[in-house]
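# Observations on the three-dimensional arrangement
So you can see what is in the structure, the chains are spelled out below.
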Amino acid sequence: MDAINTVLLVMMAGFACLAVFLKDLVRAALSLAFMSALLAVLLYRLNSPYAAVFELSVVAGLITVLFVSTIALTREHEDTESSWPLYVFVLGLLLFGLIDLAVMKALFHNVPAGDGNVAKTFGDTLWGVRALDIVGQIAVIFGGVFGVLALLRDTEKDKDLKK
Amino acid sequence: MLLLFIVLPLAVAAVMPLLDRVSRRLPDALASLTVAALFAMECGYVTLVAGGEVVYWSATKYGVPAGFSLMMDGLSLLFLVTISLVAFFCSIFSSTYMAPYGKKSTFYALLLIMIAGMNGLVLTTDLFNLYVFLEVAAVAGYALVGFGQQGDNVEGAFKYLMLSVVATTSILLSLSFIYFMTGTLSLPLLASQAGAAMNAKLIAVCIALFLMGFGLKIGVVPFHGWLPDAYPAAPAPISAMLSGILGKVTGIYALLRIVFSVFGLTPDISHIFTVLGVASMLVGALLAIGQTDFRRMLAYSSISQVGYMFLGFGTGTAMGIAAGLFHLFNHAVFKSLLFLDAGSTEYATGIRDLRKLGGINNRLPITGLTTTIGVFSTAGVPPFNGFWSKLFVILALVGAQQYFVAVLAIGASILTLWYFLQMQRWAFYGKLTAGLEFIREVPFGMAFATFCLALLCLAIGLCYPWITANLIEPGVTALMGAKMPLM
């Protein structure tokens, strides 16, 4: 059980690194989608089916489609890949593994797990416990939308240059 | 109703793009009015909170089918007032300054989202909510730093984004450890069982992660690498918001709340605060010397001033914490003023390199005067506000028998005066540089904002007993008083 989760975690970290390091944006977006899919599997295995479904449908599905469509519409040229991120990733993973083995495992074995504040249903959790998060999430979405509008629209200087 | 502090700016932000089509001036007016309304609401709570009351708001009490609550104590109110004060003058300043940068409605929408995020952060009683609102403010912050920028300036926004991601990851990791140990992220519940169900080693890991995460947000040495690039890259009002309040709310408020409510201020944490404070105060001041970019100099100065706050908190005494909070409030005022003055200078001359300026004081009399007041406040010259808070920090250090650190604090203050006088000499005094003969004072809105902030520096300095009694002491009581009551 633990071994499968560990393998999933390592693969997730690998795809996350690829998403950051790959120069080809389509490949980077697909790596991110794989990472999200693996996270969804992991969440499901950890008894969080609602979170798994949202992760799979929204992040791995919808957001990937948005990314790939946007890249396809805006891409002008191909970038060649660099091999150094692979070395960095392997070294980083080894370092993480060593720290994990040396510190975290020893710590967690000494700690009693908390009772948890687990609600019975998805609705109870969302509205009864985490309702304020929804306000925050709405604000984040607004922030993202306005951020895209702010950063991707033409400024007065751009318009002057185009003229 | 405390929820209004979050919902009102968010609702106005949502309709902002529509207002742009009605009138181009409407977003300017509405943004300033919204922030003024928030400030007025906060003023209404001052007497109540100064009297020792803690205001609660629970969704279920109002028939809303949601189980969350908000809380306003002295510390929350101090930060809310500071947010609105700085944001109000930044908003007025932006009405003219931001015109060439693009759609102002989008700018104000992001500014209001940032305010909503910060308000939510200081009012929430749940650590995960705190993280969510921290992200709200940060997402708006990334977009605002890069707003209307091109080329090298985008690098600052990107650096800010990347390091903030590292910061939020370590904060989230630490929160997950706390949840793992205690099964709750509710601050009152955590305060009631402080340390009981926690493993000492894992607590140390959590504190280290929080210090790194919030340290990056604050820009305290050694986590300051992003700050001198991000502050100069952003539009001037956003530099003022970042330096004046965003770093303080997303970093200092969150750190203080968690340390005092969850772990308690242990001698070890006090010692770390003192070390971080000394390092920031000295490194920031030394790096500011010789900077020729006005805003980069101010960025390093901000790092140095944050050091004073940490020195106050590090003493662990009521006097020290009061001094730290008072310096935080004062720094928000005088550093916002200086960043706006830097924006005014750039707006009038088109130049940021201080060596290429010279003798502009006669051409920009209001900007020159307000910059001088801001400089004196920062350097701790009486009777301006910075003098009192620096004096309190030094007195608190002496009271805690940290004499050597007190001497270092005085020395850093002299360094501050040195680099700012150098800046004044380069830019405002001496012979007028050729080509600047025809520059004129900035438009009314910009001059009004800087003039009011300069007046505040003087007024706070003269009325400091009222400020400390009504805003600072309730903040200290909230941190050092009884544990947070269970709702």
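Because the structure is predicted, anything quoted here is derived from the model rather than measured.

### Points about the overall build of chain B
- Helices and strands together make up the secondary structure of chain B, namely 18 helices and 2 strands.
- Taken over the C-alpha trace, chain B has a radius of gyration of 21 Å; the compact-globule value for 487 residues is 23 Å, and the two agree within 12%.
- For chain B, the proportion of its 487 residues judged to be buried stands at 61%.
- Sequence separation of at least 24 residues holds for 81% of the intrachain contacts in chain B that already meet a minimum separation of 6.

### Quick look at the overall build of chain A
- In terms of helices and strands, chain A carries 7 helices and 0 strands.
- Reading chain A from its N terminus to its C terminus gives the helix and strand order α-α-α-α-α-α-α.
- Here chain A holds 163 residues, and 13% of them are scored as buried.

### Describing the environment of Q305 of chain B
Residues and elements named next belong to chain B.
- Of note, Q305 is situated in helix α12 (residues 294-315).
- Exposure remark for Q305: the 27 C-beta atoms within 10 Å place this residue in the buried category.
- Along the backbone, Q305 and K335 are 30 residues apart, and their C-alpha atoms lie at a distance of 9.5 Å.

### A look at the confidence of the model for chain A
- On average, chain A scores 70 in pLDDT, and the residues at 70 or more come to 52%.
- This model gives residues 112-119 of chain A a pLDDT under 50, and the stretch forms 18 contacts once residues within four places in sequence are excluded.

### Some words on unusual backbone geometry
All names here are of chain B.
- Residue V221 is joined to P222 through a cis peptide bond whose omega torsion reads 15 degrees.
- Omega for the peptide link from P382 to P383 comes to 5 degrees, which places this bond in the cis form.
- On the secondary structure map, P383 appears in the loop between α14 (365-379) and α15 (385-399).
- Phi at Q401 takes a positive value of approximately 60 degrees, unusual for a residue other than glycine.
- Summarising the element assignment, Q401 is placed in the loop between α15 and α16 (403-427).

### Looking at the nonpolar core
- By size, the foremost hydrophobic cluster in this structure holds 197 residues, and its most contacted members are L110 and I113 of chain B.
- With near-sequence residues (within four places) excluded, I113 of chain B lies in contact with A139, F142, G143 and F146 of chain A together with L10, A13, V136 and A140 of chain B.
- If you look at the next biggest cluster of nonpolar residues, it comprises 7 residues, including A29, L32, L39 and A40 of chain A.

### Here's the deal with helix α8 (residues 200-218) of chain B
Residues and elements named next belong to chain B.
- Taking 1.5 Å per residue as the helical rise, α8 with its 19 residues ought to reach 27 Å, and the 26 Å between its terminal C-alpha atoms agrees with that figure.
- Those residues of α8 lying buried are L202, C206, I207, L209, F210, L211, G213, F214, G215, L216, K217 and I218.
- Positioned one or two residues after α8, G219 has a phi angle of 85 degrees, which is positive.

### Considerations on the packing of helix α4 (residues 104-123) of chain B against helix α10 (residues 236-263) of chain B
Residue and element names in this part refer to chain B.
- It is at 10 Å that the axes of α4 and α10 come closest, and there the two elements cross at 20 degrees. By the angle class used here, α4 and α10 are roughly parallel. Both α4 and α10 take part in a crossing whose hand is left-handed. Seen from α4, the contacting residues are M114, M118, L121 and V122; seen from α10, they are I245, L246, V249, T250, Y253 and A254.

### Quick word on the packing of helix α3 (residues 74-97) of chain B against α10 of chain B
Residue and element names in this part refer to chain B.
- Between α3 and α10, the shortest axis-to-axis distance is 9 Å and the interhelical angle comes to 165 degrees. On the basis of the axis angle, α3 is roughly antiparallel to α10. Along this stretch, α3 crosses α10, giving a crossing that reads as left-handed. Residues F79, T82, I83, V86, A87, C90, F93, S94 and Y97 of α3 lie in contact with α10, whose contacting residues are A236, P237, A240, M241, G244, I245, V249 and Y253.

### Things to note about the pairing of strand β2 (residues 69-72) of chain B
Residue and element names in this part refer to chain B.
- Neither face of β2 is left uncovered, since the one carrying S69 and M71 and the one carrying L70 and M72 both have all their residues buried.
- Pairing between strand β1 (residues 55-58) and β2: 4 bridges, direction antiparallel. Within β2, the residue paired with V55 across the bridge is M72.

### Some words on α15 of chain B
Residue and element names in this part refer to chain B.
- The end-to-end C-alpha separation of α15 is 21 Å, in line with the 21 Å expected for 15 residues at 1.5 Å each.
- Of all 15 residues in α15, 11 are buried, a share of seventy percent or more.
- Burial in α15 covers these residues: N385, G386, F387, W388, S389, K390, F392, V393, I394, A396 and L397.
- On its buried side, α15 packs onto α12, α13 (318-349), α14, α16, α17 (444-462) and α18 (464-480).
- Once α15 finishes, Q401 follows within two positions and takes phi at roughly 60 degrees, a positive value.

### Overview of the environment of I467 of chain B
Residues and elements named next belong to chain B.
- The residue I467 is located in helix α18 in this model.
- Judged by local crowding, I467 falls into the buried class, with 21 C-beta atoms found within 10 Å.
- I467 sits 389 residues away from L78 along the chain, and the two C-alpha atoms are 10.0 Å apart.
- Those residues in contact with I467 that sit more than four places away from it in its chain are I460 and I472.

### Examining the confidence of the model for chain B
Residue and element names in this part refer to chain B.
- Mean pLDDT for chain B: 88, with 95% of residues reaching 70 or above.
- Residue range residues 482-487 is modelled with pLDDT below 50. Its contacts to residues more than four positions away, or to other chains, number 13 contacts.
- Scoring of the predicted complex yields 0.84 for pTM and 0.72 for ipTM.

### Concerning the environment of F88 of chain B
All names here are of chain B.
- Structurally, F88 can be placed in helix α3.
- What makes F88 buried here is the crowd of 21 C-beta atoms within 10 Å.
- Through-space distance from the C-alpha of F88 to that of A59 is 29 Å; in sequence the pair is 29 residues apart.
- Sequence-distant contacts of F88, defined by excluding residues within four places in its chain, comprise S32, V35, A36 and F39.

Cut-off values and rules
Residues numbered from 1 in each chain as written. Chains lettered and ligands numbered in written order. Predicted model: local features only at pLDDT ≥ 70, side-chain atom pairs only at ≥ 80, totals over all residues. Helix = DSSP H or I, 4+ residues; strand = E, 2+ residues; numbered from the N terminus. Rg over C-alpha atoms; globule rule 2.2 N^0.38 Å. Buried ≥ 20, exposed ≤ 12 C-beta atoms within 10 Å, placed from the backbone. Contact = placed C-beta atoms within 7 Å. pLDDT = per-residue confidence, 0-100. Core = buried A, V, L, I, M, F, W, Y, C linked by C-beta atoms within 7 Å. Expected span 1.5 Å × (residues − 1). Axes fitted to C-alpha atoms, helices over the stretch in contact; angles between N-to-C directions. Parallel < 35°, antiparallel > 145°, perpendicular 65-115°, else oblique. Left-handed = near helix turned anticlockwise from the far one by under 90°. Pairing = 2+ DSSP bridges.

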